[in-house]
Amino acid sequence: MRNIFLIILFVFFIPAQLAMASAEREINIYKNIRCLVCQGQSLNDSNSDFAVDLKKVIKKKIINKETDKEIYKYLTERYGDWILFDPPLKKKTLLLWALPLITLIGGLFILGKRLVFHLKQ
Amino acid sequence: MKKPSKISLLVSVTVIFFVIFYYSLKANNKNNPNIMLNKPLPAIELTSLVNTNLKQELPLINRDKYYLINIWSSWCVPCREEHSILMKLKDKIKIYGINYKDKKTNATAFLNKLGNPFYFTGSDKDGSISIEIGAYGIPETYVVNSQGLIIFKHVGPLNKKIYLRISEIIK
């Protein structure tokens, strides 16, 4: 009885779980890709020729066990960073990301200096 | 020397912040269809529309000084509009056609009726070849040089202005 249960588990349940995880990964990738010929839609929301073709290409890459990073690299090489809703960190935008942190550190430094000055008095 | 006032310091910091935000955000907030320009054409293999045993690999290195790639389909209205320009260009440059998601009978009927400007026509049944070279849709035209670099790209139907530009490039 126990063996039959284990066989059922291996034959049906585990492949189903793996397929679900793969489908979820696929949808997450589609959601992060902009349909460049549509108005503000992701690949997941669009059925345009461009979106359908791109989905097929991505699906093939997932089957070929390419990582998300490799898939995004393939797309940005051909369509630029704009194709991603969540663009990668680049030199051009690095300062933009670092600016709030620099401001916070600067602010804390000024605050600390003033605090020390007031405490000395 | 006079110490800078708090207001001038605040204004300077605000201006610096504005400039950084403006340029950093501007750099990433629009679509650039020419991203493949001056980059090597990705390797593709075209299967002939008329004879599936015939294959054509692109890019061709050190063969022709320039060649043209055009993505088209018989069901695409703008492709019909630009066809006369392709017919004019075929005497100046080799044209490789990529027939996008089309039926063989419709595509051949289209070429029989309007003329065949293509040196070789490959079939792209699922649109994957077009994605491989960074296309957005049809029609789309690329000029590739002998080193395999995409030196010109046009999204949309060819017109007289683009015809003159291509003629100038390949002169």
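Look above for the structure.
Let me sum up the structure you'll find in this document. This one's a predicted model, so the numbers in the text were calculated from it and none came from an experiment.

## Focus: the overall build of chain A
Point 1. Of regular secondary structure, chain A possesses four helices and zero strands.
Point 2. In chain A, the succession of α and β elements from N to C terminus is α-α-α-α.
Point 3. For chain A, the proportion of its 121 residues judged to be buried stands at 29%.
Point 4. Residue pairs in contact within chain A that sit at least 24 positions apart in sequence constitute 47% of those at least 6 positions apart.

## Observations concerning the interface of chain A and chain B
Point 1. Contact with chain A, which involves 25 residues of that partner, is made by 27 residues of chain B.
Point 2. For the pairing of chain A and chain B, the buried interface totals around 2,300 Å² over both sides, and the portion due to carbon and sulfur atoms is 59%.
Point 3. Summed over the shared surface of chain A and chain B, the number is four salt bridges.
Point 4. In this structure, the connection of chain A to chain B is made through seven residue pairs in polar contact (both at pLDDT 80 or more).
Point 5. Top element by residues in the side of chain A that touches chain B is helix α2 (residues 49-63) of chain A. It accounts for eight residues.
Point 6. For the side of chain A that touches chain B, the residue count by class is 13 nonpolar, three polar and nine charged.

## What to know about the sheet that holds strand β5 (residues 120-124) of chain B
Residues and elements named next belong to chain B.
Point 1. Strands sit in the order β2-β1-β5-β4-β3-β6-β7 across an open sheet of seven strands; the sheet is mixed. Whereas interior strands pair on both sides, the edge strands pair on one side only; in this sheet they are β2 (55-58) and β7 (150-155). When the angles between neighbouring strand axes are averaged without regard to direction, this sheet yields 30 degrees.
Point 2. With six bridges joining them, strand β3 (residues 66-72) and strand β4 (residues 94-100) adopt parallel strand pairing. Within β4, the residue paired with Ile69 across the bridge is Tyr96.

## Quick look at the pattern of salt bridges
Residue and element names in this part refer to chain A.
Point 1. One pass over the full model with this rule turns up 12 salt bridges over all chains.
Point 2. A salt bridge links Arg25 to Asp68, with the nearest nitrogen and oxygen atoms 2.7 Å apart. In this pair, Arg25 is assigned in helix α1 (residues 2-31) and Asp68 in helix α3 (residues 68-79), connecting sequence segments 43 residues apart.
Point 3. A relative accessible area of 25% means that Arg25 is categorised as partly exposed.
Point 4. Linking Lys61 and Glu66 is a salt bridge whose minimum nitrogen-to-oxygen distance equals 3.5 Å.
Point 5. Relative accessible area serves as the criterion here: at 13%, Lys61 is assigned to the buried category.

## Digging into the state of the cysteines
Point 1. Within the structure shown, the criterion is met by two disulfides over all chains.
Point 2. Sulfur-sulfur distance for the disulfide between Cys35(A) and Cys38(A) comes to 2.0 Å. On the S-S bond that ties Cys35(A) to Cys38(A), the torsion sits near 50 degrees, and the link is right-handed.
Point 3. Its relative accessible area of 1% is what places Cys35(A) among the buried residues.
Point 4. Covalent S-S linkage joins Cys76(B) and Cys79(B), the inter-sulfur distance amounting to 2.1 Å. In this structure, the disulfide formed by Cys76(B) and Cys79(B) twists by about 90 degrees around the S-S bond and is classed as right-handed.
Point 5. Judged by its relative accessible area of 4%, Cys76(B) falls in the buried class.

Each value, and the rule that gives it
Residues numbered from 1 in each chain as written. Chains lettered and ligands numbered in written order. Predicted model: local features only at pLDDT ≥ 70, side-chain atom pairs only at ≥ 80, totals over all residues. Heavy atoms only, no water. Helix = DSSP H or I, 4+ residues; strand = E, 2+ residues; numbered from the N terminus. Buried < 20%, exposed > 50% of the residue type's maximum accessible area, 1.4 Å probe, protein only. Contact = heavy atoms within 4.5 Å. Buried area = accessible area lost by both parts, 1.4 Å probe. Salt bridge = Lys/Arg side-chain N within 4 Å of Asp/Glu carboxyl O. Polar contact = N/O pair within 3.5 Å; in protein donor to acceptor, adjacent residues only side chain to side chain. Nonpolar A, V, L, I, M, F, W, Y, C, P; charged D, E, K, R; others polar. Pairing = 2+ DSSP bridges. Axes fitted to C-alpha atoms, helices over the stretch in contact; angles between N-to-C directions. Disulfide = S-S within 2.5 Å.

So far we have only geometry, and geometry alone does not tell us how the molecule works.
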